[in-house]
Amino acid sequence: MSTKKEVLNLLIAKSNEYISGEAIADKLGVSRAAVWKAIKALRSDGYVIDAVTNRGYILGSDNDIITSDLITSHLKNDIEVLCYPTIDSTNNEAKRLLGSGKTNIFLVTADEQTSGRGRQGKSFYSPALTGVYLTLVLHPMRSLGSTVGITTAAAVAVCRAVEKLTDKTPQIKWVNDVYLGGKKICGILTEAVTDFETQTVTSVIIGVGMNIKTVNFPDDVENAASLDCDIKRAELIAAIADELCKVSESPASDYMDYYRTHSMIIGERINFIQNGVVTPATAEYIDKNGGLAVRLENGELTTLKSGEISIRRI
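In short, a report on the structure. (Residues numbered from 1 in each chain as written. Predicted model: local features only at pLDDT ≥ 70, side-chain atom pairs only at ≥ 80, totals over all residues. Heavy atoms only, no water.)

## Remarks on helix 6 (residues 150-165)
- The first and last C-alpha atoms of helix 6 sit 23 Å apart over 16 residues, in line with the 22 Å expected at 1.5 Å per residue.
- With 13 of its 16 residues buried, helix 6 lies for the most part within the structure. (Helix = DSSP H or I, 4+ residues; strand = E, 2+ residues; numbered from the N terminus. Expected span 1.5 Å × (residues − 1). Buried < 20%, exposed > 50% of the residue type's maximum accessible area, 1.4 Å probe, protein only.)

## A short note on the environment of G187
- With respect to the helices and strands, the residue G187 is situated in strand 9 (residues 183-195).
- With relative accessibility at 11%, the residue G187 sits in the buried group.
- Through-space distance from the C-alpha of G187 to that of Q199 is 28 Å; in sequence the pair is twelve residues apart.

## Comments concerning the packing of helix 1 (residues 3-13) against helix 2 (residues 21-28)
- Direction vectors running N to C along helix 1 and helix 2 enclose 120°, while the axes themselves pass 11 Å from each other. The chirality of how helix 1 crosses helix 2 is right-handed. Across from E6, V7 and L10 in helix 1, the residues of helix 2 making contact are I24, K27 and L28.
- Its residues assigned to classes, the contact of helix 1 with helix 2 shows four nonpolar, no polar and two charged. (Axes fitted to C-alpha atoms, helices over the stretch in contact; angles between N-to-C directions. Left-handed = near helix turned anticlockwise from the far one by under 90°. Contact = heavy atoms within 4.5 Å. Nonpolar A, V, L, I, M, F, W, Y, C, P; charged D, E, K, R; others polar.)

## Describing unusual backbone geometry
- Going from W174 to V175, the amide bond is cis rather than trans, its omega being 10°.
- Inspection of the secondary structure assignment puts V175 in the loop between strand 7 (171-173) and strand 8 (177-180).
- With a phi close to 70°, L129 is a non-glycine residue in the positive phi region.
- Within the element layout of this structure, L129 appears in the loop between strand 4 (106-113) and strand 5 (131-138).

## Things to note about helix 7 (residues 233-248)
- Under the 1.5 Å per step criterion, the end-to-end length of helix 7 is 22 Å for 16 residues, consistent within 8% with the ideal 22 Å.
- Across the 16 residues that make up helix 7, a large majority, 14, are buried.

## Some words on the pairing of strand 3 (residues 80-87)
- The sheet contact formed by strand 3 and strand 4 spans seven bridges and is parallel. Residue V81 lies in a different strand from strand 4, and its bridge partner there is L107.
- Regarding topology, helix 5 (residues 90-99) serves as the crossover connection from strand 3 to the parallel strand 4, and that connection is right-handed. (Pairing = 2+ DSSP bridges. Right-handed = clockwise from strand over helix to strand, strands pointing away.)

## Observations regarding the state of the cysteines
- The tally for this structure, following the rule as stated, stands at zero disulfides.
- Cysteine C245 remains unbridged, with the sulfur of C83 as its closest cysteine sulfur at 16 Å. (Disulfide = S-S within 2.5 Å.)

## Let's talk about the environment of N91
- With respect to the helices and strands, the residue N91 is situated in helix 5.
- Considered as a pair, N91 and I65 are 26 residues apart in the sequence and their alpha carbons are 21 Å apart.
- When sequence neighbours within four positions are dropped, the list of residues in contact with N91 reads R117, T135, L189, E191, I205, I206 and G207.

## Concerning the environment of T200
- Here T200 shows up in strand 10 (residues 200-211).
- Taking the relative accessible area as the measure of exposure, T200 reaches 15% and is therefore buried.
- With 93 residues separating them in the primary sequence, T200 and A293 have C-alpha atoms 27 Å apart.

## Considering the nonpolar core
- Formed by 84 residues in total, the largest nonpolar core has its most connected members in W174, L227 and L292.
- Each residue touching L292, except ones within four places of it in the same chain, is listed here: W174, I265, I266, I270, A283, Y285, I286, T302, T303, L304 and I311.
- Core analysis: the second largest hydrophobic core is formed by eight residues, L82, A94, V108 and V137 among them. (Core = buried A, V, L, I, M, F, W, Y, C linked by side-chain atoms within 4.5 Å.)

## Topic: the pattern of salt bridges
- Across all of its chains, the model carries eleven salt bridges by this definition.
- With a shortest N-O distance of 3.0 Å, E191 and R117 are connected by a salt bridge. Pair noted here: E191 is in strand 9 and R117 is in the loop between strand 4 and strand 5, with a separation of 74 residues, a long-range link.
- For E191, a relative accessible area of 16% gives the class buried. (Salt bridge = Lys/Arg side-chain N within 4 Å of Asp/Glu carboxyl O.)

Following this line, the structure appears as C-alpha coordinates:
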(Lines give C-alpha, C1' and ligand atoms only; values in the text may rest on other atoms or scores of the structure.)
Protein backbone atom coordinates (compact mmCIF):
# COMPACT_ATOMS: atom_id res chain seq x y z
CA MET A 1 0.00 0.00 0.00
CA SER A 2 1.30 3.47 -0.88
CA THR A 3 2.19 5.98 1.84
CA LYS A 4 -0.63 8.20 0.61
CA LYS A 5 -3.20 5.45 1.15
CA GLU A 6 -1.72 4.55 4.53
CA VAL A 7 -1.90 8.18 5.66
CA LEU A 8 -5.50 8.43 4.43
CA ASN A 9 -6.52 5.25 6.24
CA LEU A 10 -4.92 6.55 9.43
CA LEU A 11 -6.74 9.88 9.13
CA ILE A 12 -10.03 8.03 8.55
CA ALA A 13 -9.39 5.83 11.59
CA LYS A 14 -8.66 8.95 13.66
CA SER A 15 -11.38 11.00 12.00
CA ASN A 16 -12.55 12.62 15.26
CA GLU A 17 -9.15 13.65 16.58
CA TYR A 18 -5.94 15.34 15.45
CA ILE A 19 -2.85 13.24 14.80
CA SER A 20 0.58 14.81 14.52
CA GLY A 21 2.89 14.40 11.55
CA GLU A 22 5.43 12.84 13.91
CA ALA A 23 2.90 10.29 15.17
CA ILE A 24 1.91 9.43 11.60
CA ALA A 25 5.56 8.99 10.61
CA ASP A 26 6.27 6.76 13.62
CA LYS A 27 3.11 4.71 13.05
CA LEU A 28 3.91 4.09 9.38
CA GLY A 29 7.68 3.91 9.67
CA VAL A 30 8.29 6.72 7.19
CA SER A 31 9.90 10.15 7.33
CA ARG A 32 8.11 13.40 8.20
CA ALA A 33 8.85 14.55 4.66
CA ALA A 34 7.05 11.49 3.29
CA VAL A 35 4.04 12.29 5.49
CA TRP A 36 3.94 15.89 4.23
CA LYS A 37 4.22 14.69 0.64
CA ALA A 38 1.29 12.31 1.20
CA ILE A 39 -0.82 15.06 2.80
CA LYS A 40 -0.09 17.36 -0.14
CA ALA A 41 -1.07 14.62 -2.61
CA LEU A 42 -4.32 13.91 -0.75
CA ARG A 43 -5.23 17.59 -0.82
CA SER A 44 -4.55 17.62 -4.55
CA ASP A 45 -7.00 14.72 -4.87
CA GLY A 46 -9.66 16.89 -3.27
CA TYR A 47 -9.50 15.87 0.38
CA VAL A 48 -9.98 18.65 2.90
CA ILE A 49 -7.30 18.09 5.56
CA ASP A 50 -7.07 20.65 8.32
CA ALA A 51 -3.75 21.29 10.08
CA VAL A 52 -3.19 22.99 13.45
CA THR A 53 0.23 23.78 14.89
CA ASN A 54 1.19 21.49 17.78
CA ARG A 55 -1.89 19.34 17.19
CA GLY A 56 -1.45 17.86 13.73
CA TYR A 57 -3.83 16.83 10.96
CA ILE A 58 -7.50 15.92 10.79
CA LEU A 59 -9.91 15.22 7.94
CA GLY A 60 -12.15 18.24 7.43
CA SER A 61 -15.82 17.79 8.28
CA ASP A 62 -16.92 19.06 4.88
CA ASN A 63 -15.27 16.26 2.87
CA ASP A 64 -17.78 14.78 0.44
CA ILE A 65 -15.62 13.27 -2.24
CA ILE A 66 -15.85 9.62 -3.21
CA THR A 67 -12.79 7.45 -3.54
CA SER A 68 -12.30 3.71 -3.35
CA ASP A 69 -10.47 4.08 -0.03
CA LEU A 70 -13.22 6.15 1.59
CA ILE A 71 -16.00 3.84 0.42
CA THR A 72 -14.07 0.73 1.44
CA SER A 73 -13.54 2.17 4.91
CA HIS A 74 -17.34 2.13 5.41
CA LEU A 75 -18.05 -1.26 3.79
CA LYS A 76 -18.87 -4.34 5.83
CA ASN A 77 -18.60 -6.68 2.83
CA ASP A 78 -15.52 -7.60 0.81
CA ILE A 79 -16.15 -5.62 -2.37
CA GLU A 80 -13.67 -4.22 -4.86
CA VAL A 81 -14.42 -0.53 -5.43
CA LEU A 82 -13.64 1.37 -8.63
CA CYS A 83 -14.24 5.14 -8.73
CA TYR A 84 -14.35 7.42 -11.77
CA PRO A 85 -14.62 11.22 -11.93
CA THR A 86 -16.71 10.97 -15.12
CA ILE A 87 -18.05 7.99 -17.03
CA ASP A 88 -20.74 7.31 -19.61
CA SER A 89 -22.68 4.90 -17.38
CA THR A 90 -21.67 2.82 -14.37
CA ASN A 91 -23.77 -0.06 -15.72
CA ASN A 92 -21.95 0.17 -19.06
CA GLU A 93 -18.58 0.13 -17.30
CA ALA A 94 -19.65 -2.88 -15.24
CA LYS A 95 -20.48 -4.73 -18.45
CA ARG A 96 -17.12 -3.82 -19.95
CA LEU A 97 -15.31 -5.07 -16.85
CA LEU A 98 -17.28 -8.32 -16.91
CA GLY A 99 -16.38 -8.67 -20.57
CA SER A 100 -12.71 -8.26 -19.69
CA GLY A 101 -12.94 -11.26 -17.39
CA LYS A 102 -13.70 -9.90 -13.91
CA THR A 103 -15.34 -12.55 -11.74
CA ASN A 104 -15.26 -11.02 -8.25
CA ILE A 105 -17.89 -8.86 -6.54
CA PHE A 106 -17.19 -5.26 -7.49
CA LEU A 107 -18.68 -1.79 -7.24
CA VAL A 108 -18.41 0.94 -9.87
CA THR A 109 -19.08 4.54 -8.84
CA ALA A 110 -18.78 7.91 -10.53
CA ASP A 111 -19.07 11.60 -9.67
CA GLU A 112 -20.85 12.15 -12.98
CA GLN A 113 -22.49 10.11 -15.75
CA THR A 114 -22.67 11.53 -19.23
CA SER A 115 -25.11 8.86 -20.47
CA GLY A 116 -26.83 7.59 -17.36
CA ARG A 117 -29.38 4.89 -18.14
CA GLY A 118 -32.80 4.15 -16.71
CA ARG A 119 -35.47 1.54 -17.32
CA GLN A 120 -37.23 1.15 -20.67
CA GLY A 121 -34.46 2.97 -22.52
CA LYS A 122 -34.85 6.22 -20.60
CA SER A 123 -31.90 8.35 -19.54
CA PHE A 124 -31.01 9.28 -15.95
CA TYR A 125 -29.81 12.83 -15.35
CA SER A 126 -26.47 12.54 -13.51
CA PRO A 127 -24.73 15.90 -12.96
CA ALA A 128 -21.33 16.07 -11.30
CA LEU A 129 -20.98 15.93 -7.51
CA THR A 130 -24.70 16.25 -6.67
CA GLY A 131 -25.76 12.61 -6.63
CA VAL A 132 -24.83 9.01 -6.05
CA TYR A 133 -24.29 6.90 -9.17
CA LEU A 134 -23.23 3.31 -8.59
CA THR A 135 -23.39 -0.20 -9.97
CA LEU A 136 -22.85 -3.33 -7.90
CA VAL A 137 -22.05 -6.60 -9.65
CA LEU A 138 -22.92 -9.87 -7.91
CA HIS A 139 -22.58 -13.45 -9.08
CA PRO A 140 -25.52 -15.42 -7.73
CA MET A 141 -25.34 -18.47 -10.04
CA ARG A 142 -29.05 -19.04 -9.55
CA SER A 143 -31.84 -20.24 -11.80
CA LEU A 144 -33.36 -17.63 -14.07
CA GLY A 145 -36.67 -17.70 -12.22
CA SER A 146 -35.19 -17.13 -8.77
CA THR A 147 -33.58 -13.81 -9.68
CA VAL A 148 -36.71 -12.04 -10.95
CA GLY A 149 -37.19 -10.39 -7.55
CA ILE A 150 -33.75 -8.73 -7.49
CA THR A 151 -35.27 -5.47 -8.74
CA THR A 152 -37.75 -5.49 -5.87
CA ALA A 153 -34.96 -6.36 -3.43
CA ALA A 154 -32.81 -3.50 -4.74
CA ALA A 155 -35.53 -0.96 -3.95
CA VAL A 156 -35.70 -2.31 -0.40
CA ALA A 157 -31.91 -2.08 -0.05
CA VAL A 158 -31.85 1.56 -1.13
CA CYS A 159 -34.67 2.57 1.23
CA ARG A 160 -33.08 0.74 4.16
CA ALA A 161 -29.75 2.48 3.54
CA VAL A 162 -31.43 5.91 3.45
CA GLU A 163 -33.38 5.22 6.64
CA LYS A 164 -30.25 3.97 8.38
CA LEU A 165 -28.28 7.16 7.69
CA THR A 166 -30.97 9.86 7.66
CA ASP A 167 -34.29 10.77 9.23
CA LYS A 168 -36.03 10.39 5.85
CA THR A 169 -38.67 7.73 5.12
CA PRO A 170 -38.71 7.06 1.37
CA GLN A 171 -41.46 5.24 -0.50
CA ILE A 172 -41.37 2.86 -3.45
CA LYS A 173 -43.31 3.37 -6.63
CA TRP A 174 -43.71 -0.14 -8.06
CA VAL A 175 -41.49 -1.64 -9.32
CA ASN A 176 -38.36 0.08 -8.11
CA ASP A 177 -38.40 3.88 -8.23
CA VAL A 178 -37.75 5.51 -4.86
CA TYR A 179 -39.80 8.59 -3.96
CA LEU A 180 -39.73 11.20 -1.23
CA GLY A 181 -42.55 13.66 -0.68
CA GLY A 182 -44.29 12.42 -3.81
CA LYS A 183 -41.29 13.05 -6.07
CA LYS A 184 -38.72 10.67 -7.52
CA ILE A 185 -35.27 10.81 -5.97
CA CYS A 186 -33.82 7.49 -7.16
CA GLY A 187 -33.99 5.10 -10.07
CA ILE A 188 -32.76 1.50 -10.20
CA LEU A 189 -31.74 -0.46 -13.27
CA THR A 190 -31.01 -4.18 -12.91
CA GLU A 191 -29.57 -6.30 -15.70
CA ALA A 192 -28.68 -9.99 -15.78
CA VAL A 193 -25.88 -11.86 -17.52
CA THR A 194 -27.18 -15.33 -18.25
CA ASP A 195 -25.91 -18.74 -19.28
CA PHE A 196 -28.71 -20.12 -21.41
CA GLU A 197 -27.23 -23.61 -21.52
CA THR A 198 -27.50 -24.01 -17.76
CA GLN A 199 -30.43 -21.57 -17.38
CA THR A 200 -28.60 -19.70 -14.65
CA VAL A 201 -27.80 -16.05 -14.03
CA THR A 202 -24.02 -15.79 -13.77
CA SER A 203 -23.92 -12.09 -12.87
CA VAL A 204 -26.42 -9.46 -11.77
CA ILE A 205 -25.73 -5.80 -12.54
CA ILE A 206 -27.57 -3.47 -10.15
CA GLY A 207 -27.42 0.20 -11.06
CA VAL A 208 -28.58 2.90 -8.64
CA GLY A 209 -28.85 6.63 -9.35
CA MET A 210 -29.93 8.93 -6.52
CA ASN A 211 -30.27 12.70 -6.44
CA ILE A 212 -28.64 14.01 -3.26
CA LYS A 213 -28.28 17.74 -3.80
CA THR A 214 -29.41 18.16 -7.40
CA VAL A 215 -31.52 21.31 -7.76
CA ASN A 216 -31.87 22.25 -11.41
CA PHE A 217 -33.36 19.47 -13.53
CA PRO A 218 -33.79 19.57 -17.32
CA ASP A 219 -37.28 20.29 -18.65
CA ASP A 220 -37.72 16.68 -19.79
CA VAL A 221 -37.12 15.32 -16.27
CA GLU A 222 -40.54 15.21 -14.63
CA ASN A 223 -41.48 15.12 -10.95
CA ALA A 224 -37.90 14.82 -9.69
CA ALA A 225 -36.41 15.92 -6.38
CA SER A 226 -33.39 15.26 -4.18
CA LEU A 227 -32.75 13.58 -0.84
CA ASP A 228 -31.66 17.04 0.33
CA CYS A 229 -29.95 16.23 3.61
CA ASP A 230 -26.49 16.39 5.12
CA ILE A 231 -24.99 13.02 4.22
CA LYS A 232 -21.62 11.86 2.94
CA ARG A 233 -21.88 10.19 -0.43
CA ALA A 234 -19.14 7.64 0.32
CA GLU A 235 -21.00 6.49 3.42
CA LEU A 236 -24.31 6.23 1.55
CA ILE A 237 -22.72 4.31 -1.33
CA ALA A 238 -21.23 1.80 1.12
CA ALA A 239 -24.54 1.44 2.98
CA ILE A 240 -26.44 0.78 -0.27
CA ALA A 241 -23.86 -1.77 -1.42
CA ASP A 242 -23.96 -3.59 1.92
CA GLU A 243 -27.76 -3.66 1.92
CA LEU A 244 -27.76 -4.94 -1.68
CA CYS A 245 -25.45 -7.79 -0.66
CA LYS A 246 -27.75 -8.59 2.25
CA VAL A 247 -31.02 -8.73 0.31
CA SER A 248 -29.44 -10.61 -2.59
CA GLU A 249 -28.74 -13.50 -0.22
CA SER A 250 -32.17 -13.40 1.44
CA PRO A 251 -35.46 -15.04 0.41
CA ALA A 252 -38.18 -12.64 -0.70
CA SER A 253 -40.13 -13.41 2.47
CA ASP A 254 -37.44 -11.59 4.47
CA TYR A 255 -38.05 -8.22 2.83
CA MET A 256 -41.43 -8.33 1.07
CA ASP A 257 -43.35 -6.99 4.08
CA TYR A 258 -40.96 -4.02 4.18
CA TYR A 259 -41.53 -3.49 0.45
CA ARG A 260 -45.32 -3.52 0.96
CA THR A 261 -45.28 -1.07 3.88
CA HIS A 262 -43.18 1.34 1.80
CA SER A 263 -45.36 1.13 -1.31
CA MET A 264 -46.88 4.44 -2.39
CA ILE A 265 -49.56 3.05 -4.71
CA ILE A 266 -51.47 0.36 -2.82
CA GLY A 267 -55.13 1.39 -2.77
CA GLU A 268 -54.50 4.08 -5.39
CA ARG A 269 -56.15 4.36 -8.78
CA ILE A 270 -53.51 4.03 -11.46
CA ASN A 271 -52.94 3.70 -15.17
CA PHE A 272 -50.69 0.91 -16.36
CA ILE A 273 -49.21 0.92 -19.81
CA GLN A 274 -48.57 -2.42 -21.49
CA ASN A 275 -47.64 -2.89 -25.14
CA GLY A 276 -48.64 0.71 -25.77
CA VAL A 277 -52.14 0.26 -24.30
CA VAL A 278 -53.17 2.41 -21.33
CA THR A 279 -55.47 0.64 -18.87
CA PRO A 280 -57.02 2.18 -15.74
CA ALA A 281 -57.08 0.05 -12.59
CA THR A 282 -56.79 0.09 -8.82
CA ALA A 283 -53.63 -1.21 -7.14
CA GLU A 284 -54.79 -3.90 -4.68
CA TYR A 285 -51.73 -5.59 -3.20
CA ILE A 286 -48.21 -6.88 -3.85
CA ASP A 287 -47.89 -10.66 -3.96
CA LYS A 288 -45.14 -12.84 -2.49
CA ASN A 289 -43.04 -12.55 -5.66
CA GLY A 290 -43.29 -8.77 -5.95
CA GLY A 291 -46.04 -8.81 -8.56
CA LEU A 292 -48.63 -6.03 -8.39
CA ALA A 293 -52.23 -7.26 -8.24
CA VAL A 294 -54.59 -4.71 -9.82
CA ARG A 295 -58.37 -4.60 -10.11
CA LEU A 296 -59.55 -3.65 -13.60
CA GLU A 297 -62.65 -1.51 -14.14
CA ASN A 298 -64.62 -4.62 -15.14
CA GLY A 299 -63.85 -6.19 -11.77
CA GLU A 300 -61.21 -8.61 -13.04
CA LEU A 301 -58.11 -9.09 -10.88
CA THR A 302 -54.80 -9.43 -12.71
CA THR A 303 -51.17 -9.43 -11.61
CA LEU A 304 -48.55 -7.23 -13.27
CA LYS A 305 -45.00 -8.56 -13.49
CA SER A 306 -41.70 -6.73 -13.18
CA GLY A 307 -40.34 -5.11 -16.32
CA GLU A 308 -43.56 -5.30 -18.35
CA ILE A 309 -45.25 -2.03 -17.54
CA SER A 310 -44.89 1.45 -16.12
CA ILE A 311 -47.20 2.91 -13.51
CA ARG A 312 -48.75 6.37 -13.32
CA ARG A 313 -50.90 7.56 -10.46
CA ILE A 314 -54.09 9.26 -11.60
